[in-house]
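Spelled out from the first residue to the last, the chains are:
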Amino acid sequence: MRKSLEFDVVVVGGGPAGSSAAFAASKNGSKVALIEKEKEIAQTVRTSGVTWADAIKEFEIPRSCYNPIRNYGFQSNHNEVIINDHQPRAAVLDVRKTYRWLAEKARKEGTEIFSNTTVTGVIKNDKGDVIGVKTESDQGDSNFYARIIIDASGFQSIVARLAGYATRWKKFGVGAEYEMNVQNADDTTWWLMVGSRFSPAGYAWIFPLSKNRVRIGVGIGKPDSSLDPKEKLDELIKEKRGKICDLGKMNILEYHYGLIPNEGLSRQTVYNNLILVGDSAGQANPLVLEGIRYAIRFGRVAGQVASDSIKNNNTDAQALSTYEEHWRSKIHSKIKSAHKVQQRWLSLSDQEWDRELEIIRELGVEEFLDFIKADFGLSNIIKLASHHPKLAVRQLFNLVKGASK
């Protein structure tokens, strides 16, 4: 016998997008279920956890959940540059602790969390609209019915795919990472390492959590490269390439592996009774393939719009379009511009990467962070192009300017 459960909103996925959507919908008076396939929230870590100080402040993430970063290093085959700042403007999250904090915020507002529960199908009405999901768990099979379903299932986009609204992502980033105890790390500085020594179609990284704990990883773009990122990561660790050699003795604590979409904002994200958010919607910055801040921010918008639509007794795609209009107005042109830069970066030879670091060396810290965060506004792009006399800099930002139109 399948149990039948009824809610106003059912959120699929207990990551930052799902927990944030559940929090906002519950806070706005909706009866919310949050479905998570793992035994507990963030049992498996699938991201390196980079985010930014303004997002930390915006979401009021507790100090115990992150390590602040104020220096930003780039290394290529034969060049390196560090951009130093006097204050932290980036952070590396304790991913597990942060995600559980977000889920607990939702629970305190009344969200019911169903962990160890896998979505196996969707339930549609006579019109073909999604009105629920089928699940399996140790507690038995269930049907969850809701006025609105929010697909926050991440890269798999399980609800959208089961409903026939989406296919698997064809362009995506694959990341393999070790969390390690090390003898010595600069806990104020992260490093991105580019070029063939580090990643043939992406980059490697060192992101510190403390003076003795770091995440070392390799990200590779698919289908740009067929290489397994774990093979490259093991090679880097064994040979202690680049800045890894400065860390001293190392001991592996955890292995992380994750996928992130890299097709830009190509998906429709609202249908009758259904909203897509986070990686399900492709809301990721392609330059460093990070999207936690977008997941939290637009997850909250999705939950609010869903709850308001239920109160207004209208949950069709038109009623939910406020959500898509909002997030597209905030990031569509920025992500489009970032994709142009990413495609340029993927085409660079090792020698060109060495020269590219000279471009980066010219940037002030605020200029650099606006750039790497994909916070491209047309006015500051024009300002950057005029402030830096090198032709290469003008070419770089003219490329972004063209994409912003």
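Residues numbered from 1 in each chain as written. Predicted model: local features only at pLDDT ≥ 70, side-chain atom pairs only at ≥ 80, totals over all residues. Heavy atoms only, no water.

1. Some points on the overall build of the chain
So, point 1. The helix and strand inventory of the chain stands at eleven helices and 18 strands.
So, point 2. The C-alpha extent of the chain, read off along each of the three principal axes, is 65 × 50 × 40 Å.
So, point 3. The buried share of the chain, reckoned over its 405 residues, is 57%.
So, point 4. In the chain, of all internal contacts separated by at least 6 residues, the share reaching a separation of at least 24 is 72%.
So, point 5. On the chain, roughly 17,000 Å² of surface is accessible, and the fraction owed to carbon and sulfur atoms is 47%. (Helix = DSSP H or I, 4+ residues; strand = E, 2+ residues; numbered from the N terminus. Buried < 20%, exposed > 50% of the residue type's maximum accessible area, 1.4 Å probe, protein only. Contact = heavy atoms within 4.5 Å. Areas by Shrake-Rupley, 256 points an atom, 1.4 Å probe, with all protein chains shown as cover.)

2. Observations concerning the side chain of Asp 151
So, point 1. Mapping Asp 151 onto the fold places it in strand S11 (residues 142-151).
So, point 2. Here Asp 151 is buried and forms no salt bridge, its nearest opposite-charge partner Arg 267 lying at an N-O distance of 6.4 Å.
So, point 3. Within the local environment of Asp 151, its side chain forms a polar contact with the side chain of Ser 153, the two groups lying 2.6 Å apart.
So, point 4. Once you skip the residues sitting within four places of it in the chain, Asp 151 turns out to touch Val 12, Ser 157, Ile 158, Val 159, Ala 160, Leu 274, Ile 275, Leu 276, Val 277 and Ser 280. (Lys, Arg positive; Asp, Glu negative; His and termini not counted. Salt bridge = Lys/Arg side-chain N within 4 Å of Asp/Glu carboxyl O. Polar contact = N/O pair within 3.5 Å; in protein donor to acceptor, adjacent residues only side chain to side chain.)

3. With respect to the packing of aromatic side chains
So, point 1. As enumerated under the stated definition, the model contains 14 aromatic pairs in all.
So, point 2. Seen from their ring centres, Phe 7 and Phe 144 are 6.1 Å apart, and the 20° between their planes marks the pair as stacked. Of this pair, Phe 7 sits in strand S1 (residues 3-12) while Phe 144 is found in strand S11, placing the two residues 137 residues apart along the sequence. Side by side, Phe 7 and Phe 144 carry an identical accessibility label, which is buried.
So, point 3. When the centroid spacing of 4.9 Å and the interplanar angle of 85° are considered together, the rings of Phe 114 and Phe 144 count as edge-to-face. Taken together, the residues span a long stretch of sequence, with Phe 114 in strand S8 (residues 112-114) and Phe 144 in strand S11 at a distance of 30 residues. (Phe/Tyr/Trp six-rings, centres within 6.5 Å; stacked < 30°, edge-to-face > 60°.)

4. So, the pairing of strand S12 (residues 172-182)
So, point 1. By the criterion of burial, S12 is predominantly enclosed, with ten of the eleven residues buried.
So, point 2. With eleven bridges connecting them, S12 and strand S16 (residues 250-261) associate as antiparallel partners. Within S16, the position partnered with Asn 181 by the bridge is Asn 251. (Pairing = 2+ DSSP bridges.)

5. Considering the sheet that holds S16
So, point 1. The strand order across the open sheet built from seven strands is S6-S5-S13-S14-S15-S12-S16, with neighbouring strands paired in mixed fashion. A strand with exactly one partner marks an edge of an open sheet, and here the two such strands are strand S6 (80-84) and S16. On average, adjacent strands in this sheet sit at an angle of 15° to one another, irrespective of strand direction.
So, point 2. Summarising the sheet, strand S13 (residues 189-193) and strand S14 (residues 202-210) pair through three bridges and their orientation is antiparallel. For Leu 192, the partnering residue across the bridge sits in S14 and is Trp 205.
So, point 3. Against the sheet, helix H5 (residues 229-239) contacts S12, S14, strand S15 (213-222) and S16, and its axis sits at roughly 30° relative to S12.
So, point 4. Sitting on the sheet, helix H9 (residues 365-372) is in contact with strand S5 (71-75), S6 and S13, with an inclination near 65° to S5. (Axes fitted to C-alpha atoms, helices over the stretch in contact; angles between N-to-C directions.)

6. Examining the nonpolar core
So, point 1. Formed by 32 residues in total, the largest nonpolar core has its most connected members in Tyr 72, Phe 74, Trp 190, Leu 192, Trp 345, Phe 368 and Ile 372.
So, point 2. Residue contributions to this core peak at five residues, all from H9.
So, point 3. Excluding residues that lie within four positions of it along the chain, Trp 345 makes contacts with Leu 287, Trp 353, Glu 356, Phe 371 and Ile 372.
So, point 4. Ala 22, Phe 23, Leu 34 and Ala 152 belong to the second-largest nonpolar core, a separate cluster that totals 30 residues. (Core = buried A, V, L, I, M, F, W, Y, C linked by side-chain atoms within 4.5 Å.)

7. Focus on the side chain of Thr 188
So, point 1. Here Thr 188 is to be found in the loop between S12 and S13.
So, point 2. Beyond its immediate stretch of four places on either side in the chain, Thr 188 contacts Pro 68, Ile 69, Arg 70 and Asn 71.

8. A closer look at the pattern of salt bridges
So, point 1. Within the structure shown, the criterion is met by 23 salt bridges.
So, point 2. Where Glu 177 meets Arg 215, a salt bridge forms, and the shortest distance between an N and an O atom there is 4.0 Å. With Glu 177 in strand S12 and Arg 215 in strand S15, the pair connects residues that are 38 residues apart, well separated along the chain.
So, point 3. Exposure remark for Glu 177: the relative accessible area of 3% places this residue in the buried category.
So, point 4. What makes Arg 215 buried here is its relative accessible area of 3%.
So, point 5. As a salt-bridge pair, Glu 179 and Arg 215 come within 3.0 Å of each other at their nearest N and O atoms. Separated by 36 residues along the polypeptide, Glu 179 in strand S12 and Arg 215 in strand S15 bring together distant segments of the chain.

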